[in-house]
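Descriptive structure summary
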Amino acid sequence: MHLSAALAPLGDMRMCLQIALWPTLKAILRRPSLLLHPSLISREFMSHVWVPFGAGIDENTRDVKTSLISPNAFGVVLDVGAGYGHSAKYLDHNRVTKYVALEPNTNMHPGIRRIAGEAGFSEDDGTLLIVPYGAEDIALLTSALGGPHTVNTIISFLSLCGVPDPKATMRALTDEVLAPGGEVLFFEHVLSRRPDVAWWQRVWTPVWKYAFDGCCLDRPTDIWLEELGIWQSTDVWSKEDEPEEHMWWHRGGRLVKAA
Ligand SMILES: C[S@@+](CC[C@H](N)C(=O)[O-])C[C@H]1O[C@@H](n2cnc3c(N)ncnc32)[C@H](O)[C@@H]1O
């Protein structure tokens, strides 16, 4: 593996610090009690990092989103780890009735409101719901949604890397929240099939997850999702033209739950 690919996280971490260190320090000066809650500092940091990163990744993955999300998402759409709600821009109003943004980082909620609002989803007319929980908070989520099996489409775009116990969480989300015949549309960076890349991903993960609010580079999320075994159909693919040496090797797909 080329050293430049193996050391790629260093460059991103430097960029994150340049973007988010000062605003995070300012937030701590305003609210010194944050020092008692390292997870809140991490979220503060991530909310600054994701302003340019989220917008840049949205731009760079527009082709993925227009082919994966736009033609497939339908009914009530749950966006797991919505970030600033960029996926809302790709939803077709003729097919989607409601955009539910599940985002535990409340610093991002005003951004979701703005971006989803520009895409035509609003809390005033009931087409937008922002839920401040983690994906693992199934009971709270089900209650906010008004009952079990109310979601037709689950989107996970670069989010399962940071969810605790993603296998159990996706099992619970697909069993208890997703309606029969509903679908999961995902695009995630996953553990590489190449042993040398996977080795570096495991080396970086303990450090990387501190910079990116729990984001792990070494999860075979695509395999875990397929292994849930509840699917009527699966279509899982790699990103076109992505070099195999990529530390963030992506897999995406559409998984349809049996009706
Ligand atoms: C890398 S960002 C991706 C955001 C968005 N999907 C996008 O494409 O712009 C990951 C998001 O997952 C959120 N997140 C972190 N822990 C989570 C959890 N336990 N459940 C759901 N989302 C979580 C983070 O706050 C963050 O907004």
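Owing to the predicted nature of the structure, the values given are computational and were not obtained by experimental measurement. (Residues numbered from 1 in each chain as written. Predicted model: local features only at pLDDT ≥ 70, side-chain atom pairs only at ≥ 80, totals over all residues. Heavy atoms only, no water.)

1. Describing the overall build of the protein
Each helix and strand counted, the protein has nine helices and seven strands in total. Here the C-alpha atoms of the protein give a radius of gyration of 18 Å, agreeing with the 18 Å that 2.2 N^0.38 yields for 259 residues. Expressed as lengths along the three principal axes of its C-alpha atoms, the size of the protein is roughly 45 × 45 × 30 Å. Burial analysis of the protein (259 residues in total) assigns 51% to the buried set. Here the contacts in the protein between residues at least 6 apart in sequence split such that 72% fall between residues at least 24 apart. Taken as a whole, the protein presents about 11,900 Å² of accessible surface, with 57% of it coming from carbon and sulfur. (Helix = DSSP H or I, 4+ residues; strand = E, 2+ residues; numbered from the N terminus. Rg over C-alpha atoms; globule rule 2.2 N^0.38 Å. Buried < 20%, exposed > 50% of the residue type's maximum accessible area, 1.4 Å probe, protein only. Contact = heavy atoms within 4.5 Å. Areas by Shrake-Rupley, 256 points an atom, 1.4 Å probe, with all protein chains shown as cover.)

2. Some words on a nonpolar patch on the surface
A cluster of nonpolar side chains, contributed by Leu 17, Leu 21, Trp 22 and Leu 25, occupies part of the molecular surface with about 400 Å² of accessible area. Within the fold, Leu 17 resides in helix α2 (residues 8-30). (Patch = residues over 30% accessible without salt bridge, like charges linked within 9 Å, V, L, I, M, F, W, Y side chains within 5 Å. Salt bridge = Lys/Arg side-chain N within 4 Å of Asp/Glu carboxyl O.)

3. Quick word on the side chain of Glu 188
Its place among the elements puts Glu 188 in strand β5 (residues 178-190). Despite its burial, Glu 188 pairs with no opposite charge, the nearest such side chain being Arg 219 at 7.7 Å. Those residues in contact with Glu 188 that sit more than four places away from it in its chain are Ser 156, Phe 157, Leu 158, Ser 159, Leu 160, Cys 161, Thr 221, Trp 249, His 250 and Arg 251. (Lys, Arg positive; Asp, Glu negative; His and termini not counted.)

4. A short note on the nonpolar core
In this structure, Leu 78, Ile 154 and Leu 173 are the most contacted members of the largest nonpolar core, which totals 27 residues. Put simply, the parts of the chain that give this core at least two residues each are β1 (75-80), β2 (96-102), α6 (138-145), β4 (151-157), α7 (166-177), β5 and β6 (231-238). When residues no more than four places from it in sequence are discounted, the contact partners of Leu 78 are Val 100, Leu 102, Leu 141, Val 151, Thr 153, Ile 154, Ile 155, Leu 173 and Val 177. Counting residues in hydrophobic clusters, the runner-up holds 23 residues, among them Val 96, Tyr 99, Ala 101 and Leu 158. (Core = buried A, V, L, I, M, F, W, Y, C linked by side-chain atoms within 4.5 Å.)

5. Here we look at the layout of surface pockets
As a volume, the largest pocket reaches approximately 1,100 Å³. The wall of the largest pocket is formed by 49 residues, among which Met 46, Trp 50, Leu 158, Ser 159 and Cys 161 lie closest to the centre. At the level of elements, α3 (38-60), β1 and β5 are the ones that each hand at least two residues to the lining of the largest pocket. Among the elements that line the lining of the largest pocket, the one with the most residues is α3, at nine residues. For the lining of the largest pocket, the per-class residue count stands at 22 nonpolar, 16 polar and eleven charged. (1 Å grid on protein atoms, 1.4 Å probe; cavity = no way out; pocket = protein on both sides within 12 Å on 5 of 7 lines; lining within 4 Å. Points joined across faces, edges and corners; volume = space filled by probe spheres on them. Nonpolar A, V, L, I, M, F, W, Y, C, P; charged D, E, K, R; others polar.)

6. Some details on the site of the ligand
In the vicinity of the ligand, 19 residues are found, and the nearest of them are Trp 50, Gly 81, Glu 103, Ala 135 and Phe 157. Measuring from a nitrogen atom of the ligand, one finds a backbone N or O atom of Gly 81 at 2.7 Å. Between an oxygen atom of the ligand and a side-chain N or O atom of Glu 103, the distance comes to 2.6 Å. When the free accessible area of the ligand is taken as 590 Å², the share hidden by the protein chains comes to 94%. If you map the ligand onto the pockets, it falls in the largest pocket. Residue composition of the shell around the ligand, grouped by class: ten nonpolar, six polar and three charged. (Near = heavy atom within 4 Å. Polar contact = N/O pair within 3.5 Å; in protein donor to acceptor, adjacent residues only side chain to side chain. Sits in = over half its atoms within 2 Å of the grid points.)

7. Quick word on empty space enclosed by the protein
According to the stated counting rule, one finds one cavity of 30 Å³ or more in the structure shown. Empty space within the largest cavity amounts to approximately 40 Å³. Lining the largest cavity are Leu 160, Pro 166, Lys 167, Met 170, Thr 221, Trp 224, Leu 225 and Leu 228. When residues of the lining of the largest cavity are traced back to their parent elements, those giving at least two are α7 and α9 (221-226). The class makeup of the residues in the lining of the largest cavity is six nonpolar, one polar and one charged.

8. Here we look at the environment of Asn 72
You can see Asn 72 is positioned in the loop between α4 (62-68) and β1. Once the C-alpha coordinates of Asn 72 and Pro 132 are considered, the two residues, 60 residues apart in sequence, prove to be 25 Å apart. Leave out the neighbours within four places in its chain, and Asn 72 touches Ser 67, Arg 95, Glu 183, Leu 185 and Arg 254.

Note that all results are geometric; they support no functional claim without further evidence.
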